[in-house]
Structure formats: structure tokens, C-alpha cells
Amino acid sequence: MNPRESASTVSPGNVDELLPLAARRSFLAVLLGAGTVSVGALLAVPLVRFVLHPLLRVTTPASWSDVGKADELASAALPVKKLITVEQRDGWRKIVSEKAVYVIKDPSGQLGVLSSVCPHLGCSVTWHGEKNQFLCPCHGGLFAAGGDLLGGPPPRGMDRLESRVEDGVLKVHYEYFRQLVPHKEVIA
Ligand code: FES
């Protein structure tokens, strides 16, 4: 058919019919596009959250660390210094560090664990068996065998860490505490 003839067959009445059809098609196209974008966005949310989750998190609390066999520690002359491995996660990064702690025995015979970090300014406290005391070499802080403050500038005694015996192994939950304050306050 001749295009001129074809064009000439579009009467004013036909134009009225064609326009609503075109409008309907474009409306459906917009609707389809909007639906696709919405579904895509909904599916992307969990993925984005998964990717960003470690980056938005602050450093995680340390996991529980093994200190040693409970029966061996219970029969040792305490306090005894132990090095523990502490694992934390900072974003995607896994931080593994070694910390010194002291295993003590309560008057009841129960094992406990003390942080070796001085609550004054964070120096490492050491056990002096001949004096039966802990001593901080930085400013002369003195602590009893159970960690109580005996003298010097520290505002409180040595910090006791949460511990438990599991399958015969003494475990400790390592934490960091605020220095220079009289009460134990966890900061990490
Ligand atoms: S840091 Fe221990 S007494 Fe000052």
C-alpha cells in the first residue's frame, strides 16, 4: 500500500483512537520500569547491608580465650602469669593480640583472672613473690595477691576479668577498662 494512501486513511476519528493507545503503552512502560527499579532496590538492600556491615561496626568485643588447664593452675603456686591470645574483629580485619593476665585463687579456692594493665596509666603490673605483692614499675602502684589496692597512685585495685572453667580449661573474657577512675568501667 502506498504510504500516502496509508497516511490518508488516518482520519480525525482514528487519531483520537490512536492517541489513548500510545498513552496507555507509555504508561505501562513507565509502570514496568518503576516496578523493575523497585524490585532491584529491594533485592539490593540485603546485599548492601551485608557488604557494609563489617565497615559500619566498631571493633567487636574480644572472644573468650584459653588460659590453661584448670586443675594444673589450681595446684600451682598462685598468682601465676599467663599469656593469652585475644581475637577481635574490626570491620573486615581480624585482630589477634597477646595479653598478659594473672591467675589467682580466691579464699574459697576458686580460680580468678586479673588483667595485668595498671588502672592508673596502663603500665604492666608484675608479681613479686618475695614481697607477696603486685608492683607497677611506672609510679609504684602496689596491689595485694588478690589484686586489691595497697598503695600508690592507682585509683582502684587490679581489674578482675570474667572467667569460667569449660571442659577442664580455664577461659577468660578479656576486656579493657577506663584508667584513672575509681570504679571499673569497661571501654572495649
Ligand atoms: S601506671 Fe601504674 S602506678 Fe602509674
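Described below are features of the structure shown in this document. In this text the structure is predicted, and so the values were computed from the model without any measurement.

## A few points about the overall build of the protein chain
For step 1, the next point in the chain: The secondary structure content of the protein chain amounts to three helices and 10 strands.
For step 2, the next point in the chain: Its helices and strands taken in sequence order, the protein chain reads α-α-β-α-β-β-β-β-β-β-β-β-β from the N to the C terminus.
For step 3, the next point in the chain: Relative to its full complement of 188 residues, the protein chain shows a buried share of 18%.

## Remarks on the pairing of strand β2 (residues 80-90)
For step 1, the next point in the chain: The pairing of β2 with strand β3 (residues 93-105) spans 11 bridges and is classified as antiparallel. Its bridge partner being in β3, aspartate 90 is matched across the sheet by arginine 93.
For step 2, the next point in the chain: Turn length for the β2-β3 hairpin, with the two strands adjacent in sequence and antiparallel, is two residues, and the turn residue glycine 91 shows positive phi of about 65 degrees.

## Details of the sheet that holds strand β5 (residues 126-128)
Strands pair in a sheet through their backbones, by hydrogen bonds, and they do so in one of two ways: parallel or antiparallel.
For step 1, the next point in the chain: Strand order in the open sheet formed by four strands is β5-β6-β7-β8, with antiparallel pairing between adjacent strands. Looking at which strands have only one partner, the edges of the open sheet turn out to be β5 and β8 (149-151).
For step 2, the next point in the chain: Relative to strand β7 (residues 142-143), strand β6 (residues 133-135) runs antiparallel, the two being bridged by two bridges. Note that in β7 the partner of leucine 135 across the bridge is leucine 142.

## Regarding the pairing of β3
For step 1, the next point in the chain: Looking at chain direction, β3 and strand β4 (residues 111-115) are connected through five bridges and run antiparallel. Within the sheet, the bridge partner assigned to valine 101 lies in β4 and is serine 115.
For step 2, the next point in the chain: What sits between the antiparallel neighbours β3 and β4 is a turn of five residues, in which glycine 109 has the positive phi angle 95 degrees.

## Examining the sheet that holds strand β10 (residues 169-173)
For step 1, the next point in the chain: Taken in spatial order, the six strands of this open sheet run β1-β10-β9-β4-β3-β2, and their pairing is antiparallel. The sheet is open, and its two edges are formed by β1 (64-69) and β2, each paired on a single side. Between one strand axis and the next, the sheet turns through 35 degrees on average, direction left out of account.
For step 2, the next point in the chain: Judged from the five bridges that link them, β1 and β10 form a sheet pairing that is antiparallel. What sits directly across from glycine 68, in β10, is leucine 170.

## Overview of the nonpolar core
For step 1, the next point in the chain: Judged by nonpolar contacts, the single largest core of 21 residues is most densely connected at Val67, Val101, Val103, Val113, Leu114 and Val172.
For step 2, the next point in the chain: At the level of elements, β3, β4 and β10 are the ones that each hand at least two residues to this core.
For step 3, the next point in the chain: If one sorts the elements of this core by residue count, β3 sits on top with four residues.

Rules behind the numbers
Per chain, residues are indexed from 1 in the order of the written sequence. In keeping with the model being predicted, local features are shown solely for residues with a pLDDT of at least 70 and side-chain atom pairs are shown and tallied solely at 80 or more, while totals for entire chains, interfaces and linings include all residues. Secondary structure elements follow DSSP: runs of H or I of four or more residues count as helices, runs of E of two or more count as strands, with numbering from the N terminus. Buried means a residue has 20 or more other C-beta atoms within 10 Å of its own C-beta, exposed means 12 or fewer, and partly exposed covers the counts in between; C-beta atoms are placed from the backbone. Whether two strands pair depends on DSSP finding at least two bridges between them. Helix axes use the C-alpha atoms of the stretch in contact, all axes being lines fitted to C-alpha atoms, and the angles between their N-to-C directions lie in the range 0 to 180 degrees. Note on terminology: a nonpolar core is any set of buried Ala, Val, Leu, Ile, Met, Phe, Trp, Tyr and Cys residues joined through C-beta atoms within 7 Å.

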